[in-house]
Amino acid sequence: MNAILRPTLVLFTALTLLTGVVYPLVVTGVGQAAFPKEAAGSLILRDGKPVGSELIGQNFSDPKHFWGRPSATGPQPYNSAASSGSNQGPLNPALVEAVKGRIQALRDADPGNTAPVPVDLVTASASGLDPHISPAAAQYQTSRVAKARGLPQAQVAALVQQQTERPLAGFLGEARVNVLVLNLALEALH
């Protein structure tokens with residue numbers, strides 16, 4: 001029995017150290033050296049203090065700010081510890097009612113806006129944490145934000161264009177707008 005137990009414990013200890021200590025330290029070190037910003041959580045700093053991450057959405061509800069996609073996390077929105085989709089299909093009555101309520105909230109916040117509501121303003125992403133909206137969703141909100149801030153709508157629309165991230169290499173992915181980055185640029189106007 002001792003002839004089997006000793007090599008087993010030595011192998012178990014060696015593999016535990018290799019896979020549980022050495023490998024994670026090497027991967028973390030390489031990640032921090034090659035991608036320091038991403039490894040630190042892609043935090044956005046203002047005056048040396050973190051105001052959020054480029055990777056996780058935030059809940060904006062003030063008419064003076066652009067609003068992001070609805071969050072599917074609970075009990076609080078954009079809770080990264082509770083990331084998940086709602087798993088509600090398009091025929092689910094609960095999803096239909098939630099979308100109707102979100103459309104009504106957008107219409108109430110900007111009564112003069114009769115444009116079609118972009119789908120990403122009324123449906124959550126798969127993770128429920130998406131920090132981006134489409135350029136169309138941002139442009140949809142320019143009249144409300146401009147009125148609430150007393151700015152010309154053309155200036156706010158130009159800011160949206162300026163903050164729009166293009167697809168990688170011109171064709172990989174879709175154009176998108178990071179809501180936190182856009183709202184910080186909007187704050188910088190004043």
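Residues numbered from 1 in each chain as written. Predicted model: local features only at pLDDT ≥ 70, side-chain atom pairs only at ≥ 80, totals over all residues. Heavy atoms only, no water.

What follows deals with a nonpolar patch on the surface. There is a patch of nonpolar side chains on the surface, built from Leu-11, Leu-15, Leu-17, Leu-18, Val-21, Val-22, Leu-25, Val-26 and Val-30 and spanning about 820 Å² of accessible area. Looking at the secondary structure, you find Leu-17 in helix 1 (residues 2-34). With a relative accessible area of 47%, Leu-17 lands in the partly exposed category. (Patch = residues over 30% accessible without salt bridge, like charges linked within 9 Å, V, L, I, M, F, W, Y side chains within 5 Å. Areas by Shrake-Rupley, 256 points an atom, 1.4 Å probe, with all protein chains shown as cover. Salt bridge = Lys/Arg side-chain N within 4 Å of Asp/Glu carboxyl O. Helix = DSSP H or I, 4+ residues; strand = E, 2+ residues; numbered from the N terminus. Buried < 20%, exposed > 50% of the residue type's maximum accessible area, 1.4 Å probe, protein only.)

With that out of the way, let us pick up the nonpolar core. Counting residues in each nonpolar core, the largest one holds 27 residues, and the members touching the most others are Phe-66, Leu-106, Leu-121, Ile-133 and Leu-182. Counting only elements with at least two residues in this core, the list comes to helix 3 (93-109), helix 4 (135-140), helix 5 (142-149), helix 6 (153-163) and helix 7 (179-188). Ranked by residue count, the leading element in this core is helix 7, at 6 residues. Those residues within four positions of Leu-106 in sequence are excluded, and the remaining contacts are Trp-67, Val-117, Leu-121, Val-122 and Tyr-140. (Core = buried A, V, L, I, M, F, W, Y, C linked by side-chain atoms within 4.5 Å. Contact = heavy atoms within 4.5 Å.)

A word on the sheet that holds strand 4 (residues 164-165). Strand pairing in a sheet is mediated by backbone hydrogen bonds. Such pairs are either parallel or antiparallel. Sheet architecture is open: 3 strands sit in the order 3-5-4, paired in antiparallel fashion. Of all strands in the sheet, those bounded by a partner on one side alone are strand 3 (132-133) and strand 4. For strand 4 and strand 5 (residues 176-178), the ladder comprises 2 bridges, and the chain directions are antiparallel. The residue bridging Glu-165 from the neighbouring strand is Arg-176, located in strand 5. Docked against the sheet, helix 7 engages strand 3 and strand 5, running at close to 65° with respect to strand 5. (Pairing = 2+ DSSP bridges. Axes fitted to C-alpha atoms, helices over the stretch in contact; angles between N-to-C directions.)

For helix 5, a buried count of 6 out of 8 residues is recorded, marking the element as mostly surrounded by other parts of the structure. Considered for burial, the residues of helix 5 that qualify are Thr-142, Ser-143, Arg-144, Val-145, Ala-146 and Arg-149. In the core, the buried residues of helix 5 are packed alongside helix 3, helix 4, helix 6 and helix 7. In the segment just after helix 5, Gly-150 is the residue with positive phi, at about 70°.

Here we come to the packing of helix 5 against helix 6. Where helix 5 meets helix 6, the closest approach of the two axes is 8 Å, and the angle between their N-to-C directions is 125°. Looking at the two axes, helix 5 sits oblique to helix 6. Where helix 5 crosses over helix 6, the two elements pack in a sense that is right-handed. Touching Thr-142, Ser-143, Val-145 and Ala-146 of helix 5 are Gln-153, Val-156, Ala-157 and Val-160, all from helix 6. A breakdown of the residues in the contact of helix 5 with helix 6 according to their chemical character gives 5 nonpolar, 3 polar and no charged. (Parallel < 35°, antiparallel > 145°, perpendicular 65-115°, else oblique. Left-handed = near helix turned anticlockwise from the far one by under 90°. Nonpolar A, V, L, I, M, F, W, Y, C, P; charged D, E, K, R; others polar.)

One number sums up the size of the largest pocket: a volume of about 240 Å³. Of the residues in the lining of the largest pocket, the class split is 8 nonpolar, 4 polar and 2 charged. (1 Å grid on protein atoms, 1.4 Å probe; cavity = no way out; pocket = protein on both sides within 12 Å on 5 of 7 lines; lining within 4 Å. Points joined across faces, edges and corners; volume = space filled by probe spheres on them.)

Another point: the packing of aromatic side chains. Between two aromatic rings, the relevant description is the distance of the centres plus the angle of the planes. Under the definition given, this model contains 0 aromatic pairs. Here the guanidinium or amino end of Arg-144 rests over the ring plane of Trp-67, the centre of that ring lying 3.9 Å away. (Phe/Tyr/Trp six-rings, centres within 6.5 Å; stacked < 30°, edge-to-face > 60°. Lys NZ or Arg CZ within 6 Å of the ring centre and 35° of its normal.)

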